[in-house]
Amino acid sequence: MVLDSVTDPGLVAAYRDGDERAAAELVRRHAPALGRFLYSSGAQPSEVEDLIQETFFRAFRRLDGWRGSASLRSWLFTIAGNLLRDEHRKRKRRHVVSIADYELAGGADPEAELTAHEAETRLRKGLTSLPRLQREVFLLRVQGESDYEEIAAALGTTPGAARVHYHHAAKRLKELLR
Amino acid sequence: MTNCRQLSDRMPEVTRGSVRWTAAEERHLTRCDDCQHEWDLVRRVARLGMDVDLGVNPAAVTDRVLGRLRAADVAVPRRRVWAAGALAAAASVALVLWVKVPAGTPRAVAVTQESLAVTPPAAAQPRLPVPELDGLNADQLRMVMESMDQPFRADEVLESSGWSDLESRDLEAGFSS
């Protein structure tokens, strides 16, 4: 069976039947997007892989909790968002959290890279300053490729409310980054 | 007639290439600074993290996840065997005591509903706190959306570090308008 053409529900069913290759395909399919979601939500690059691992571990342990009305990706994003929130709470107790600068790779145009890096840092700070629900709706929509119905199912809200959260987030980000 | 909100709703799909702008939308976009700003923002967020090495190796993640799942699956039956042994021992003791109790002594112990009550299982999926918007109907949501056309005050934005505080204020503003 060629797994990359199988839908997410098909892979979940195959994994439940004991096919571990289906789990590998689900990780391959969703890990990069999950990583970008976590990074955009304020995770440090060094902690992203551990958070992804924990997200899949929890997801595979309670696949019964996945309602088919939400896409698997938006459900995974929700789990990852919960993990990140818990991680930040733990860290807040230990020390102040900030979006740290990551090391810039030596490129051909250091000045342009620095400018791009600063713009990216501002964007991440803007995203992390949003209320969590607004941020998650916005990222699910823009990075998670989910529509309002899927987002509503994943976050336990209504499609209309999800749409309002999306527009709140867009408006705030525009104000913050103008 | 194309308006900013319609364009805003379609930006994520256009960014990922699943749909294209209509001619009317393109005209609106070239004329509207606010939409251009949002369009730039959405495209930047869509690409955010793509140029950063996040060190994610899906194969290694899979190995570790499956390894942990196997270990967890092994741990559960062991606990069950131990629990079954303990239950069997307790049952044996109870049987011996029951046999030794003199005739005429009441043997049955009243089992109340309370003693049988069990803690309900935790929800299968952690849920976010229900936001205020969930209880609103379509008209009310539209009012909230319209209230967003009022500019944010800078102090409101900076103060809003918590969860839904600004949303509550926006909702109140929407209802009072």
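Before reading on, note that the structure itself is shown above.
Just so we're clear, the structure is a prediction, and the values are computed from it rather than from any experiment.

## Considerations on the packing of aromatic side chains
No. 1: Applying the stated criterion to the full structure yields six aromatic pairs over all chains.
No. 2: Judged by centre distance (4.4 Å) and plane angle (25 degrees), the ring pair of Phe37(A) and Phe77(A) falls under stacked. Linking Phe37(A) in helix α2 (residues 20-40) with Phe77(A) in helix α4 (residues 72-94), this pair joins segments that are 40 residues apart in sequence.
No. 3: On the basis of relative accessibility, which here comes to 1%, the residue Phe37(A) falls in the buried class.
No. 4: A relative accessible area of 1% means that Phe77(A) is categorised as buried.
No. 5: With a centroid separation of 5.0 Å and an interplanar angle of 20 degrees, the aromatic rings of Phe138(A) and Tyr166(A) are classed as stacked. One end of the pair, Phe138(A), is in helix α6 (residues 132-142); the other, Tyr166(A), is in helix α8 (residues 159-177), with 28 residues separating them in the sequence. Summarising the burial analysis for this pair, Phe138(A) and Tyr166(A) share the class buried.
No. 6: The rings of Tyr15(A), Phe56(A) and Phe60(A) are connected pair by pair, giving a single aromatic cluster.
No. 7: Lying across the ring of Tyr166(A), Arg141(A) places its NZ or CZ 5.9 Å from the centre.
No. 8: Of note, Arg68(B) hangs over the ring of Phe57(A), and the distance from its end group to the ring centre comes to 3.8 Å.

What counts and how
- Residues numbered from 1 in each chain as written.
- Chains lettered and ligands numbered in written order.
- Predicted model: local features only at pLDDT ≥ 70, side-chain atom pairs only at ≥ 80, totals over all residues.
- Heavy atoms only, no water.
- Phe/Tyr/Trp six-rings, centres within 6.5 Å; stacked < 30°, edge-to-face > 60°.
- Helix = DSSP H or I, 4+ residues; strand = E, 2+ residues; numbered from the N terminus.
- Buried < 20%, exposed > 50% of the residue type's maximum accessible area, 1.4 Å probe, protein only.
- Lys NZ or Arg CZ within 6 Å of the ring centre and 35° of its normal.

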